[in-house]
Amino acid sequence: MLWTVWTVPSTALSQRVFRDVFVFICIPLALAITHGRKLGYRIDRTVIRDTIILAAFVLPFYLVGSSLPSIREYYPMWSTTLAFGDFLPHVIQQLIIVIAAETYYRGLLCVGISDEIGPVSIFISPIIYAFHHVGKPPIELLLSGPTDILFGAVDYHAQSLLPSIVAHGLGLVLLDWLVLHDPVLPPELVLRLLRWLPIPL
């Protein structure tokens, strides 16, 4: 609720970073420390394996998505160019936003409560996650719930946020980079293959 009512201008990336870090990292960390919970800040061999598998699985979705007109119109969410001096700060701030989101959705609402309720924790946040995607391209809104469940399941298995941080963060960076170039896949081909979806693409 705080994240929703604390509005920032859609073009203000730095303000978005500040809000998300406060709401999605500082508050969950405070709750975790005061209640003796873990949020999934850990790395081991299982975590690395799960990270590689998840990242490889979602890669085609970003490649296909980058060719859709609605995605190319919406992204990058914050203005940037491919010039190194523009793109690098943009990437760093986006990754911070991703770490914040994953700390809340997959950390506090999944890994953080997994000891008490087990695998059910995977299904706690999808509705909230989808709600926070309202206003984005319809295909992204449609996939947000299943994506949340997938990311939650992998993070639950690994007991770590690294898989979803890498898949989500590097995916967004790749998406922005792809959208700033000519489409990798012909848009007309992608639209023809996905025409069975009952949403605008």
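Under the defined criterion, the tally for this structure stands at 8 aromatic pairs. Between Trp 6 and Phe 22, the aromatic rings sit 5.8 Å apart at their centres with planes inclined by 65°, giving edge-to-face as the arrangement. Here the residue Trp 6 occupies a position in the loop between α1 (2–5) and α2 (13–35), and Phe 22 occupies one in helix α2, the gap between them amounting to 16 residues. Accessibility expressed as a relative area gives 38% for Phe 22, which makes it partly exposed. Ring geometry for Phe 24 and Tyr 104: centres 4.7 Å apart, planes at 10°, overall stacked. Within this pair, whereas Phe 24 is found in helix α2, its partner Tyr 104 is found in helix α5 (residues 84–108), the two being separated by 80 residues in sequence. Among the aromatic residues, those joined into a cluster by ring pairs are Trp 3, Phe 24, Tyr 104 and Tyr 105.

All right, on to unusual backbone geometry then. Cis geometry marks the peptide bond from Tyr 75 to Pro 76, where omega comes out at -5°. Residue placement: Pro 76 occurs in the loop between α4 (69–74) and α5. With a phi close to 55°, Gln 159 is a non-glycine residue in the positive phi region. Residue position: Gln 159 is located in the loop between α8 (138–158) and α9 (162–179).

For Gln 159, a relative accessible area of 18% gives the class buried. Looking at Gln 159, its side chain comes within polar contact range of the side chain of Ser 114, at 3.3 Å. From its side chain, Gln 159 meets the backbone oxygen of Tyr 156 in a polar contact 2.8 Å long.

Moving on, we get to the pattern of salt bridges. Under the criterion given, the structure shown has 9 salt bridges. The shortest N-O distance in the salt bridge between Asp 44 and Arg 42 comes to 2.3 Å. Of the charged contacts, one joins Lys 136 and Glu 140 as a salt bridge, the two residues approaching to 3.6 Å between their closest N and O atoms. There is no split in this pair, since Lys 136 and Glu 140 are both buried. A cluster of three or more residues bridged by salt bridges with shared partners is formed by Arg 16, Arg 19 and Asp 20.

Here we come to the nonpolar core. Burial of nonpolar side chains together is a common tendency in soluble globular proteins. Ranked by size, the top nonpolar core spans 23 residues in total, and within it Leu 68, Ile 71 and Tyr 75 carry the most contacts. Listing elements by their share of this core, those giving two or more residues are α2, α3 (45–65), α5, α8 and α9. Considering every element that reaches this core, the biggest residue donor is α9, with 4 residues. Those residues within four positions of Tyr 75 in sequence are excluded, and the remaining contacts are Lys 136, Glu 140, Leu 172, Leu 175, Asp 176 and Val 179. Trp 3, Val 23, Phe 24 and Ala 101 belong to the second-largest nonpolar core, a separate cluster that totals 10 residues.

What follows deals with the environment of Arg 16. By secondary structure assignment, the location of Arg 16 is in helix α2. With 80 residues separating them along the chain, Arg 16 and Ile 96 place their C-alpha atoms 10.0 Å apart.

Between its first and last C-alpha atoms α8 spans 30 Å; for 21 residues at 1.5 Å apiece the expected length is 30 Å, and the two agree. A bend of about 40° at Ser 144 is the largest found in α8, and the proline Pro 146 appears one to four places after it. Along α8, the residues classified as buried are Ile 139, Glu 140, Ser 144, Gly 145, Asp 148, Phe 151, Gly 152, Val 154, Asp 155 and Ala 158. Those residues of α8 that are buried lie in contact with α3, α4, α5, α7 (126–131) and α9. Looking one or two places after α8, you find Gln 159, whose phi comes out positive at around 55°.

Procedures and definitions
- Residues numbered from 1 in each chain as written.
- Predicted model: local features only at pLDDT ≥ 70, side-chain atom pairs only at ≥ 80, totals over all residues.
- Heavy atoms only, no water.
- Phe/Tyr/Trp six-rings, centres within 6.5 Å; stacked < 30°, edge-to-face > 60°.
- Helix = DSSP H or I, 4+ residues; strand = E, 2+ residues; numbered from the N terminus.
- Buried < 20%, exposed > 50% of the residue type's maximum accessible area, 1.4 Å probe, protein only.
- Polar contact = N/O pair within 3.5 Å; in protein donor to acceptor, adjacent residues only side chain to side chain.
- Salt bridge = Lys/Arg side-chain N within 4 Å of Asp/Glu carboxyl O.
- Core = buried A, V, L, I, M, F, W, Y, C linked by side-chain atoms within 4.5 Å.
- Contact = heavy atoms within 4.5 Å.
- Expected span 1.5 Å × (residues − 1).
- Bend = angle between axes of the 7 residues up to and from the residue.

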